[in-house]
Structure formats: structure tokens, C-alpha cells
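# Descriptive structure summary
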Amino acid sequence: MKKLPIAKLPKLFAAISGEKTLYIPAQDASGVSKFTVWQEGMTLSPALNTVRSAKDLFFPQVENLMGFKVTGKQIELLEERDVTAPFVLFGVRACDCRSFDVLDRVFLAEPVDTYYQTRRENGTVVTMACTEPEETCFCGAFGIDAADPAGDVTCWMDGENLYWRANTEKGEALTAALTCLAEGGDDAVAAQQAQTRAVMQKLPLHDLDLSKFGAGKTKEFFARPEWKQLSESCLGCGTCTFVCPTCQCYDIQEFDNGKTVRRFRCWDSCMYSDFTKMSAGQPRPTQLERFRQRFMHKLVYYPENNDGLYSCVGCGRCLQKCPIHMNIAKVIRTLGEEAK
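Residues numbered from 1 in each chain as written. Predicted model: local features only at pLDDT ≥ 70, side-chain atom pairs only at ≥ 80, totals over all residues. Heavy atoms only, no water.

## Quick word on empty space enclosed by the protein
Here the structure, examined in full by the defined rule, presents five cavities of 30 Å³ or more. Empty space within the largest cavity amounts to approximately 150 Å³. Looking at the largest cavity, it is lined by 19 residues, and the ones nearest its centre are C234, C240, M271, C322 and M326. In terms of residues, the lining of the largest cavity owes the most to one element, helix 9 (residues 287–305), which gives three residues. (1 Å grid on protein atoms, 1.4 Å probe; cavity = no way out; pocket = protein on both sides within 12 Å on 5 of 7 lines; lining within 4 Å. Points joined across faces, edges and corners; volume = space filled by probe spheres on them. Helix = DSSP H or I, 4+ residues; strand = E, 2+ residues; numbered from the N terminus.)

## Here we look at the nonpolar core
Grouped together as the largest cluster of nonpolar side chains are 42 residues, with contacts concentrated most on F138, F213, W227, F291, L299, I328 and V331. Elements with a minimum of two residues in this core: helix 2 (94–107), helix 7 (226–231), helix 9, helix 10 (317–321) and helix 11 (328–339). Every residue in contact with F213, bar those within four places of it in the chain, is listed here: F221, L299, Y310, V331, I332, L335 and G336. Judged by nonpolar contacts, the second largest core, of 21 residues, contains L12, V126, L162 and C180. (Core = buried A, V, L, I, M, F, W, Y, C linked by side-chain atoms within 4.5 Å. Buried < 20%, exposed > 50% of the residue type's maximum accessible area, 1.4 Å probe, protein only. Contact = heavy atoms within 4.5 Å.)

## Digging into the sheet that holds strand 12 (residues 260–267)
With antiparallel pairing, the four strands of this open sheet are ordered in space as 5-4-12-11. Each of the sheet's edge strands pairs with one partner strand only, and the pair in question is strand 5 (74–79) and strand 11 (250–256). Averaged over all pairs of adjacent strands, the angle between their axes in this sheet comes to 25°, without regard to strand direction. Across the sheet, helix 3 (residues 114–122) lies against strand 4 (62–71) and strand 12, angled at about 135° from strand 4, the strand it touches most. (Pairing = 2+ DSSP bridges. Axes fitted to C-alpha atoms, helices over the stretch in contact; angles between N-to-C directions.)

## Description of the packing of aromatic side chains
By the definition in use, this model includes 16 aromatic pairs. For the ring pair F59 and W267, a centre distance of 6.1 Å and an interplane angle of 40° mean the geometry is tilted. Taken together, the residues F59 in the loop between strand 3 (33–37) and strand 4 and W267 in strand 12 connect sequence positions 208 residues apart. Summarising the burial analysis for this pair, F59 and W267 share the class buried. Ring centres of F138 and F142 lie 6.0 Å apart, and the angle between their planes is 50°; on these two criteria the pair is classed as tilted. Here a set of aromatic residues connected by ring pairs shows up, and it is made of F59, F107, Y116, F242, Y250, W267 and Y272. Over the aromatic face of W267 sits the side chain of K55, whose NZ or CZ is 4.6 Å from the ring centroid. Directly above the ring of F58 sits R120, whose terminal nitrogen or CZ lies 5.2 Å from the centroid. (Phe/Tyr/Trp six-rings, centres within 6.5 Å; stacked < 30°, edge-to-face > 60°. Lys NZ or Arg CZ within 6 Å of the ring centre and 35° of its normal.)

## Brief notes about the pairing of strand 6 (residues 87–92)
Regular strands place side chains that alternate from one sheet face to the opposite one. With six of its six residues buried, strand 6 lies for the most part within the structure. With three bridges connecting them, strand 2 (residues 21–27) and strand 6 associate as parallel partners. Bridge pairing in strand 6 places T21 opposite F87. As paired elements, strand 6 and strand 7 (residues 123–128) share five bridges and run parallel to each other. Considered in strand 7, the bridge of V88 is made with T124.

## Side note on unusual backbone geometry
Negative phi values dominate among residues other than glycine, just as trans dominates among peptide bonds. Each neighbour pair has its own omega, and for E110 with P111 the value is -5°, a cis peptide bond. Inspection of the secondary structure assignment puts P111 in the loop between helix 2 and helix 3. The backbone of D307 sits at a positive phi, close to 55°, despite the residue not being glycine. As for its position among the elements, D307 is in the loop between helix 9 and helix 10. Unusually for a residue other than glycine, H325 sits at a positive phi of about 60°. Residue class for H325 comes out partly exposed when judged on its relative accessible area of 49%.

## Looking at the sheet that holds strand 8 (residues 153–157)
With mixed pairing, the eight strands of this open sheet are ordered in space as 3-2-6-7-8-9-1-10. At either end of the open sheet lies a strand with only one pairing partner, and these are strand 3 and strand 10 (182–183). The strands touched by helix 5 (residues 186–200) within the sheet are strand 8 and strand 9 (161–166), with strand 8 carrying the most contacts at an inclination of about 80°.

Right, here's the structure in full:
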């Protein structure tokens, strides 16, 4: 365990930035918190979580794939993928860090998505333990410890010091390059962890019960009549999917400027009426079916194919941002309570 006085955080950021591109959670001019390239004078956002998750750094909202140039009957392939230099992602919360495990199982399974793989290989994740979790947090339901997040490096912060623990080879390499870090801090971290865990047990969603969900439950939940009542107020706006750290749906589109064709991918949402629409029509034509697909994937389909791992991490963003206050916690409680 190492530590650094809070007053020296700018020195730490400057040291990291001198070696690699550094992203930190910071507020923009409008007060929105997001991961931003650190520049001198920039400070950490006071918000618990960024509006959009850290997955942006590994699975961008819009990403160049390739290009084509057509000359007569000849087609020339153009390499247009975005260049990824080594970077450090600082201040990732435990929930967002778990989301990388979910995304890895999608994009690093065969056939490997080399665009995502390159970013994962070049990124070093420095997590930050929570001290003031919000009422919308429920990461504990998924076995995530907000007081001891994973990552290449784990950090804790109090009013006086930043505490730093390397967990992986990447983390050790980064730590070795930071001479400003000193030894110590174990007792302070242990005390903070105990306090955070006590707070987590008092949150409104601390007792969210997932025991009725998981692999093998498709038949039990698919035809439940509660889906109608749960979905009838859904606007299909897709806000929940765009703030979600684990949603991985995307569309591939092409843009022809008359000289070259650029192929790119962009986030899509299973909540949209034209999602996966084909010449034969939309496989899920009603809002009920699209609503059910989203939550069945989080709670049943994904665990079925990924050793019981849920594709929700309890970050609470969908609870905060849904305009009609419909979210996965309500689905779990409605269907789970009935299943009991």
C-alpha cells in the first residue's frame, strides 16, 4: 500500500500524463461529469459516477472500422481504425470496473473484436473506492464490493491522503514509474472500508434479491403477465441503454462522400423499434417484447451463457436517468417477489 497527500494529486496526474494519456472524471462547462483527458488545472469531479460510463474508452459510441475506395471495378480497402495509444483511466468505480468483465466476455470471445481488444491492451484501469454511495446504488446485489474495487490499481481517498494499491502487472508497472508515492495507509483504508460497507447495508436497494433469476429461468419468466404492466409506460427512448455500462448493442453503417465509403459502428438499443429490423420485418414488433428483451438479457440470457454472471452491475444510472422511472430494480422486485 502506498499513499500520497491530496494536495499532491496534480503532481501525480502530471507524472502519469507525462508517460501516457490520462483520463479522469471531471465536470465540463455545463456541470456534466464525464471521463476527460487530464490537463493542468483540472480537478476530479465531486459526482459519484460519470453520466456515461467508463466503457466509452473501450467501446466508443462511434468508431471507425474501415474504408473503401472504388475505382472502376477495383475496390481498395482503407485502414481507418482509430489509433489507440497507451492510456490510464483514473477514478473508475467498482460497478464500472465489473462492467469490463461483462464486455470482455462479449468482445474478446472468438472471433475476437480487435478494435476493443487493442483498447483493453493499451488501457490501465485505476479504480476508486466509494465513500458516499447514493440511494440508487445496488452493486452489492451482484457481489460487487464498493469499498474494494478491482482494476489494475485500486485507490481510496479521504480528506488528507490518496491510498494506492497495485493489483496487476500493469498496475505494478505504473506504480514503479510514480516516485511521488510513499509507503503506508493500511489502517486508514481498513477503517474507510468498514464505514462504506456499513453505509451500503442501509441503502434502499441493499436487499434486492436476485435468487430467483439467472441461468435456466427463460421458461419461468418469459410469459409472465407482469411484463405488460411493467412495459406499458416505457417510451422506448433508449436512455437506459446509452447510460448503461454493460450494454453492447451496436449498428454498422456506411457513409459515401462520393470518393470513398467510410464504414463505422455506433451504439444501438434493443429498445428501438428498428433494432435488428430486416426485410421480413422487426422480430420484436411491440414495446412489450423489446422491454422484455432488455431485462431478460440482463437477468437470464447473459447469465445462461456466461457462468452465471449477470450483465447488470448495479450502478444506478438507469434509475437516475429514466424519464418515467422504470428500471431494472422495479423489474427484479416485481417478478422476483411473485416468483417467491
